[in-house]
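These are the residues of each chain, in order.
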Amino acid sequence: MSENADLQKPNIKNNPKIMKAWAFYDWANSVYSLVITSTIFPIYYSIITTAYKKKVLIEASGEWKEVPVPHMINILGNSYEPTAIFSFSLTLSFLIVVVISPILSSLADTIGNKKSFLQFFCYLGSCSCMGLAMFTGMQNVFLGLLFSVTASVGFWGSLVFYNSFLPDIATPDKQDALSAKGYVYGYIGSVILLILCLLLIQVVAKTPEETKIYTRITFLITGAWWFGFSQYTFRYLPQFGLVKDKLPKDLVLLNYKNIFETHEEHGGIFEVIKDNLAFYKDVAKESFRELFKVGRELFEDRNLKFFLSSFFFYSIGMQTIFLMATLFGTSEIFTKEEDQYKLIITILVIQIVAIFGALAFSRLSRSIGNKNVISIAVGIWIICCLSAYFLNKENPNVETQFYVLAAFIGLVMGGLQAMSRSTYSKLLPEDSMDNTTYFSFYDVLEKLAIILGSLIFGVTIQKFHNMHYAFIGMSIFFAIGLILIRFLKLKAHK
């Protein structure tokens, strides 16, 4: 038996310390999802890319309302809406993750060091968050978008390996609760940091210029939080194999300690580089072959076929709305710069509601099963999408309507994410050593959904200069997902 296999043998399932360390990574990385993706960075991006505000008469109320006019971004002689470019940049980041995650998952399964890959993407994402502090205006908007892309790659790339640990460390009867616990940790941690950031921006900052400076400081704090708190996870999470100082010639550069060696025993550094490149090329080919093979195997299972198909369609809606909701709020609801704090508070409330939503849906699943819980959540999402389409900024009660809508989104957001992850985990073969590859497929499917969703959103904004139409498309995807999940047949405990 190989040494790696021996290292994978010890039974670490349901170990409280390991499960807590795993869940704690949600505490570390969820601040990116809330502070960077959902609230402060999109608002900051909107402010930076706004050229001026024009006053428009709202006939229903007889009031004048400020409407932002954006700086158009020129690319290859064409002008684009900043919001559309932001959506396209997210599409690019997910496309990168889709391409590289199967390759890296294959490497992780080959040499058994998926924790090392988790660490790499964690550090890429957290350092990119800190890099966003260098985005100061339209003169370096592409630098800001670059760090936004690499932060996104780091966040979502790390989740491939993070999620794959779930079936390794918990038995099926524990996975719902542990998955929900991770999301709860994430919501609590991100809410705490968002409150701190809000105090800096709204209380400490006294002028608009100071507000921008303290906003950039929040990017530094977010990256440091992610980087720092992840160390607890990395301390206790098992490696599932170790990268040795001495590796075969075609793997030697995987260990950074070997990069600066002469490698005379292998024919010199250039010979080693050539062999490494050939190896990685073979790994890339094999990884996609393996991905398609795993996809075929998963879709041969009736339950997995319907679950993954449903998951793909409702993820198009859920993840796209999650990524673009703040920009919708800044352009359609809270158009005055001094009202931006209302949007942040709204999203803060969403996170708090989501904590209770994740716990409530986890408990509800014990009574009515995961399939029914997911169906309820997707049904509520459809209602939310249609409600968002009918929101009218000329209505004097639009803010109240937005708050009610946000509360329902918060309720189902955490619950659907946690239930999706644990349901997939429970449908997989037990004690499989291919969990990284299985979750890589799950992750690729989710990212393909986001690519399609963000692309639809961006094209819609660019064509109609209005976000409302995109919500109709998202509701259709949710409806397809709802129909497909009803074909799932689960045992009583699932």
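All chains use their own residue numbering, which begins from 1 and follows the written sequence. Given that this is a predicted model, residues contribute local features only at a pLDDT of at least 70 and side-chain atom pairs are listed and counted only at 80 or more, while totals for whole chains, interfaces and linings are drawn from all residues. Hydrogens and water molecules were not included; the side-chain quantities draw on all heavy atoms of the structure.

Taking an unreviewed UniProt entry as the reference, the protein is identified by name as MFS transporter permease belonging to Kaistella jeonii. UniProt positions are given in the numbering used here, feature names are shortened, and annotations may be inferred rather than shown by experiment. According to the UniProt record, the Subcellular location (unreviewed entry) comment for the protein reads "Endomembrane system".

Enquirer: Tell me about the environment of Leu455, residues and numbers included.
Expert: Considering the arrangement of structural elements, one finds Leu455 in helix H14 (residues 435–464). For Leu455, a relative accessible area of 39% translates into the label partly exposed. Note: C-alpha distance between Leu455 and Thr320 (135 residues apart in sequence) is 9.3 Å. Beyond its immediate sequence surroundings of up to four residues, Leu455 is in contact with Phe88, Thr91 and Ile450. Each helix is a run of DSSP H or I of at least 4 residues and each strand a run of E of at least 2, with the numbering of both proceeding from the N terminus. Three labels apply to residues, based on accessible area from a 1.4 Å probe with only protein chains included: buried if under 20% of the type maximum, exposed if over 50%, partly exposed otherwise in between. In this analysis, two residues are considered to be in contact whenever any of their non-hydrogen atoms come within 4.5 Å of each other.

Enquirer: Please provide a residue-by-residue account of the pattern of salt bridges, values included.
Expert: When the charged atoms of two side chains with opposite charge come close together, those side chains can pair. Here a salt bridge means any side-chain nitrogen of Lys or Arg lying within 4 Å of a carboxyl oxygen belonging to Asp or Glu. Enumeration over the complete set of coordinates arrives at one salt bridge. Of the charged contacts in the structure, one is a salt bridge between Lys447 and Glu446, with a shortest N-O distance of 2.9 Å. We classify Lys447 as buried; its relative accessible area is 0%.

Enquirer: A description of the environment of Gln319 should follow, citing residues and the corresponding values.
Expert: Mapped onto the elements of the fold, Gln319 is located in helix H10 (residues 302–333). For the pair Gln319 and Ile450, spaced 131 residues apart in sequence, the C-alpha separation works out to 6.2 Å. Leave out the neighbours within four places in its chain, and Gln319 touches Trp156, Gln417, Glu446 and Ile450. For Gln319, the side chain forms a polar contact with the side chain of Glu446, separated by 3.0 Å. Each polar contact in these results corresponds to two N or O atoms within 3.5 Å; when the atoms are within protein, one needs to be able to donate a hydrogen and the other to accept it, and residues that are neighboring in sequence are counted only if both atoms are side-chain atoms.

Enquirer: A description of the packing of helix H7 (residues 172–204) against helix H13 (residues 398–427) should follow, citing residues and the corresponding values.
Expert: Fitted lines through C-alpha atoms serve as axes, helices being fitted only where they are in contact, and the angles separating the N-to-C directions of these axes extend from 0 to 180 degrees. At a minimum axis separation of 9 Å, H7 and H13 run at an interaxial angle of 145°. For H7 against H13, the interelement crossing comes out right-handed. Seen from H7, the contacting residues are Pro172, Gln175, Asp176, Ser179, Ala180, Tyr183 and Tyr187; seen from H13, they are Met413, Gly414, Gln417, Ala418, Met419, Arg421, Ser422, Ser425 and Lys426. Residues are grouped as follows: Ala, Val, Leu, Ile, Met, Phe, Trp, Tyr, Cys and Pro are nonpolar; Asp, Glu, Lys and Arg are charged; all remaining types, including Gly, are polar. A class-by-class count of the residues in the contact of H7 with H13 yields seven nonpolar, six polar and three charged. Crossing handedness: left-handed means the near helix sits turned counterclockwise from the far one by under a right angle, and right-handed means the same turn made clockwise.

Enquirer: Report on the confidence of the model for the protein, specifying residues and quantitative values.
Expert: Per-residue pLDDT for the protein has a mean of 80; in total, 84% of the residues score no lower than 70. pLDDT expresses how confident the predictor is about each individual residue, on a scale running from 0 to 100. Low pLDDT (under 50) marks residues 1–9, which in the prediction has 13 contacts with non-local residues, meaning those over four places away or in another chain.

Enquirer: Could you give an account of the side chain of Ser152, with specific residues and numbers?
Expert: Mapped onto the elements of the fold, Ser152 is located in helix H5 (residues 141–164). Non-local contacts of Ser152, meaning those with residues more than four positions away in its chain, are made with Tyr32, Ser93, Phe94 and Gly157.

Enquirer: Tell me about the packing of helix H2 (residues 16–48) against H5, and name the residues and values.
Expert: Interhelical geometry of H2 versus H5 gives an angle of 155° and a closest axis separation of 11 Å. With respect to their mutual orientation, H2 and H5 come out roughly antiparallel. For the pair H2 and H5, the crossing hand works out as left-handed. Packed against H2, whose contacting residues are Trp22, Ala23, Tyr25, Asp26, Asn29, Tyr32, Ser33, Phe41 and Tyr45, the element H5 presents Val141, Gly144, Leu145, Ser148, Ala151, Ser152, Phe155, Ser158, Leu159 and Tyr162 at the interface. Orientation is classified from the angle alone, with under 35 degrees giving roughly parallel, over 145 giving roughly antiparallel, 65 to 115 giving roughly perpendicular, and any other angle giving oblique.

Enquirer: Requested: an account of a nonpolar patch on the surface, with residues and values cited.
Expert: Together, Leu92, Leu95, Ile96 and Val99 make up a nonpolar patch on the protein surface, roughly 310 Å² of accessible area in all. Topologically, Leu92 is positioned in helix H3 (residues 82–111). In this analysis, a patch consists of residues with relative accessible area above 30% that form no salt bridge, clustered at 9 Å for like charges and at 5 Å for the nonpolar side chains Val, Leu, Ile, Met, Phe, Trp and Tyr. Each accessible area is a Shrake-Rupley estimate made with a 1.4 Å probe; only the visible protein chains count as cover when residues are assessed.

Enquirer: Give a detailed account of helix H4 (residues 114–131), specifying residues and quantitative values.
Expert: A helix is expected to span 1.5 Å multiplied by its residue count minus one. For H4, which comprises 18 residues, the first-to-last C-alpha distance of 26 Å matches the rise-based estimate of 26 Å (1.5 Å per residue) to within 8%. Lys114, Lys115, Phe117, Leu118, Phe121, Cys122, Gly125, Ser126, Ser128, Cys129 and Gly131 are the residues of H4 that are buried.

Enquirer: Mind laying out unusual backbone geometry, listing which residues take part and the relevant values?
Expert: With a phi angle near 65°, Asn14 is a residue other than glycine that sits in the positive phi range. Relative to the helices and strands, Asn14 is located in the loop between helix H1 (3–8) and H2.

Enquirer: Could you give an account of empty space enclosed by the protein, naming the residues involved and the relevant values?
Expert: Here the term cavity refers to a set of points on a 1 Å grid, laid over the protein atoms alone, in which a 1.4 Å probe fits but cannot get out; the term pocket refers to an open set having protein on both sides within 12 Å along at least five of seven lines, with lining residues being those that place an atom within 4 Å of a point. Grid points are joined across faces, edges and corners, and a volume is the space filled by probe spheres set on the points. Enumeration over the complete set of coordinates arrives at five cavities of 30 Å³ or more. Empty space within the largest cavity amounts to approximately 390 Å³. At the level of secondary structure, the elements contributing two or more residues to the lining of the largest cavity comprise H2, H5, H7, H10, H13 and H14. Of the residues that constitute the lining of the largest cavity, the class distribution is eleven nonpolar, eleven polar and four charged. Space inside the second largest cavity adds up to approximately 300 Å³. If you go around the second largest cavity, you meet 21 residues; those closest to its centre are Ile321, Ala325, Ile350, Phe402 and Ile409. Elements that contribute at least two residues to the lining of the second largest cavity include exactly H10, helix H11 (340–368), helix H12 (370–389) and H13. With six residues, H10 is the largest single contributor of residues to the lining of the second largest cavity.

Enquirer: Tell me about the packing of aromatic side chains, and name the residues and values.
Expert: Here the aromatic set is Phe, Tyr and Trp, taking the six-membered ring for Trp, and pairing holds for ring centres within 6.5 Å; pairs whose planes are under 30 degrees apart are stacked, those over 60 apart are edge-to-face, and all others are tilted. Taken as a whole and assessed by the stated rule, the structure comprises 41 aromatic pairs. Arranged with centres 5.4 Å apart and planes meeting at 70°, the rings of Phe94 and Trp156 form a pair that is edge-to-face. Remark: Trp156 occurs in helix H5 and Phe94 occurs in helix H3; sequence separation between them is 62 residues. The exposure classification of Phe94 matches that of Trp156, with both residues buried. Taking 6.1 Å as the distance between ring centres and 75° as the angle between the ring planes, the aromatic pair formed by Phe155 and Trp226 counts as edge-to-face. Of the two residues, Phe155 sits in helix H5 while Trp226 sits in helix H8 (residues 208–236), which places them 71 residues apart along the sequence.

Enquirer: How would you sum up the environment of Ala377? Please name residues and give values.
Expert: When you line up the elements, Ala377 lands in helix H12. On a C-alpha basis, the gap between Ala377 and Gly357 in space is 9.9 Å, while along the polypeptide they are 20 residues apart. Discounting chain neighbours no more than four positions away, the residues touching Ala377 are Phe361, Val412 and Leu416.

Enquirer: Now, about the nonpolar core: what can you tell me, with residues and values included?
Expert: Nonpolar core, defined: a set of buried Ala, Val, Leu, Ile, Met, Phe, Trp, Tyr and Cys residues in which side-chain atoms within 4.5 Å join the residues together. Counting residues in each nonpolar core, the largest one holds 141 residues, and the members touching the most others are Phe307 and Tyr424. Broken down by element, the residue count for this core peaks at 19 residues, all from H2. Among the domains, domain 1 (264–300) and domain 2 (302–493) are the pair contributing at least three residues each to this core. Not counting the four nearest positions on each side in its chain, Tyr424 is found in contact with Leu298, Leu304, Phe307, Leu308, Tyr438, Phe439 and Tyr442. An automatic or database domain assignment provides the domain bounds reported here.

Enquirer: Residues and numbers for the side chain of Gln175, please.
Expert: Here Gln175 shows up in helix H7. If near-sequence neighbours (up to four positions away) are discounted, Gln175 is found in contact with Leu166, Pro167, Ala170, Ser422, Ser425 and Lys426.

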